[in-house]
Amino acid sequence: MTKTVLTVDDSRTMRDMLMLALQDAGYRVVQAVDGVHGLEVLEQERPDIVITDINMPRMDGFGFIEGMRANPDYSGVPVLVLTTESDAAKKQRARDAGATGWIVKPFDPVRLVDAVRRVAA
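Described in the following lines is the structure provided in the data block. Keep in mind that this is a model prediction, so the values were computed, not measured.

### Let's talk about the sheet that holds strand 4 (residues 79-83)
Part 1 of the reasoning: In spatial order, the strands read 2-1-3-4-5; together these five strands make up an open sheet with parallel pairing. Taken across any chain shown, the strands that pair with only one partner, and hence form the sheet edges, are strand 2 (28-32) and strand 5 (101-104). With strand direction ignored, the average angle separating the axes of adjacent strands in the sheet is 20 degrees.
Part 2 of the reasoning: Examined bridge by bridge, strand 4 and strand 5 share four bridges and lie parallel to one another. Across the sheet, Leu80 pairs through a bridge with Gly101, a residue of strand 5.
Part 3 of the reasoning: Strands strand 1 (4-8), strand 3 (49-52) and strand 4 of the sheet are contacted by helix 3 (residues 61-69), whose axis makes an angle of about 160 degrees with strand 3.

### Structural notes on the pairing of strand 2
Part 1 of the reasoning: The pairing of strand 1 with strand 2 spans five bridges and is parallel. Considered in strand 2, the bridge of Val8 is made with Ala32.
Part 2 of the reasoning: Handedness of the β-α-β unit built from strand 1, helix 1 (residues 12-24) and strand 2 comes out right-handed.

### Considering the packing of aromatic side chains
Part 1 of the reasoning: Evaluation of the coordinates by the stated rule reveals zero aromatic pairs.
Part 2 of the reasoning: Across the ring face of Tyr74, the terminal group of Arg46 is positioned such that the distance to the ring centre comes to 5.1 Å.

### Details of helix 3
Part 1 of the reasoning: Turning to helix 3, its buried residues number three or more, namely Gly61, Phe62, Phe64, Ile65 and Met68. For helix 3, the angular spread of buried residues about the axis comes to 165 degrees, placing them on one side.
Part 2 of the reasoning: Each element contacted by the buried residues of helix 3 is listed here: strand 1, helix 2 (35-42), strand 3, strand 4 and helix 4 (88-97).

### A short note on the pattern of salt bridges
Part 1 of the reasoning: Per the stated rule, a full pass over the model turns up five salt bridges.
Part 2 of the reasoning: The salt bridge involving Asp73 is made with Arg46; its shortest N-O contact spans 3.8 Å. Linking Asp73 in the loop between helix 3 and strand 4 with Arg46 in the loop between helix 2 and strand 3, this pair joins segments that are 27 residues apart in sequence.
Part 3 of the reasoning: By relative accessible area, Arg46 is classed as exposed at 51%.
Part 4 of the reasoning: Between Asp53 and Lys105 there is a salt bridge, and its shortest N-O distance comes to 3.5 Å.

Rules behind the numbers
- Numbering of residues starts from 1 in each chain and follows the order in which that chain's sequence is written.
- Given that this is a predicted model, residues contribute local features only at a pLDDT of at least 70 and side-chain atom pairs are listed and counted only at 80 or more, while totals for whole chains, interfaces and linings are drawn from all residues.
- As a convention, hydrogens and water are excluded, and side-chain values are obtained from all of the structure's heavy atoms.
- Strands are treated as partners if at least two bridges between them are detected by DSSP.
- Segments assigned H or I by DSSP are reported as helices when at least four residues long, segments assigned E as strands when at least two residues long, and all are numbered from the N terminus.
- Angular values range over 0 to 180 degrees, each being the angle between N-to-C directions of two axes fitted as lines to C-alpha atoms, with helices fitted over their stretch in contact.
- Only heavy atoms matter for contacts: two residues are in contact if any of them lie within 4.5 Å across the pair.
- The path from the first strand over the helix to the second decides the hand: if it runs clockwise while the strands point away from the viewer, the crossover is right-handed.
- Any two rings among Phe, Tyr and Trp, with Trp reduced to its six-membered ring, count as a pair given centres within 6.5 Å; such a pair is stacked if its planes are under 30 degrees apart, edge-to-face if over 60, and tilted if neither.
- Note on criteria: charge over ring means Lys NZ or Arg CZ within 6 Å of the ring centre, with the direction from the centre no more than 35 degrees off the ring normal.
- In this scheme, a residue with accessible area under 20% of its type's maximum is buried, one over 50% is exposed, and one in between is partly exposed, where area comes from a 1.4 Å probe on protein chains only.
- What the arc covers is the set of directions going from the helix axis to the C-beta atoms.
- Any carboxyl oxygen of Asp or Glu that lies within 4 Å of a side-chain nitrogen of Lys or Arg is treated as forming a salt bridge with it.

Spelled out as structure tokens, the structure:
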């Protein structure tokens, strides 16, 4: 069965790069342009894993993760944070919000897919 990945990022280029890497690895990809849109997509989709940026308009990645984790249906869905940020305090804040892992941009597609496979197993 094909696993579904929800990507949440305000950069069209980043969404396209994620789409290519994940589809090539056999994943179904659904996309959102920010945290608000991500929560809307979750009303229709049941992703097996979520990859989110932190710095986005309307609702950042922290707010998105907290909103997602507030729904018991998504308490067990892994969340990978994909961001240019590498600050330890932000990593801790993401973990506190419910993030599973952290990947720094720019990402290596092979390592990204490996990380997705590890957490979505």
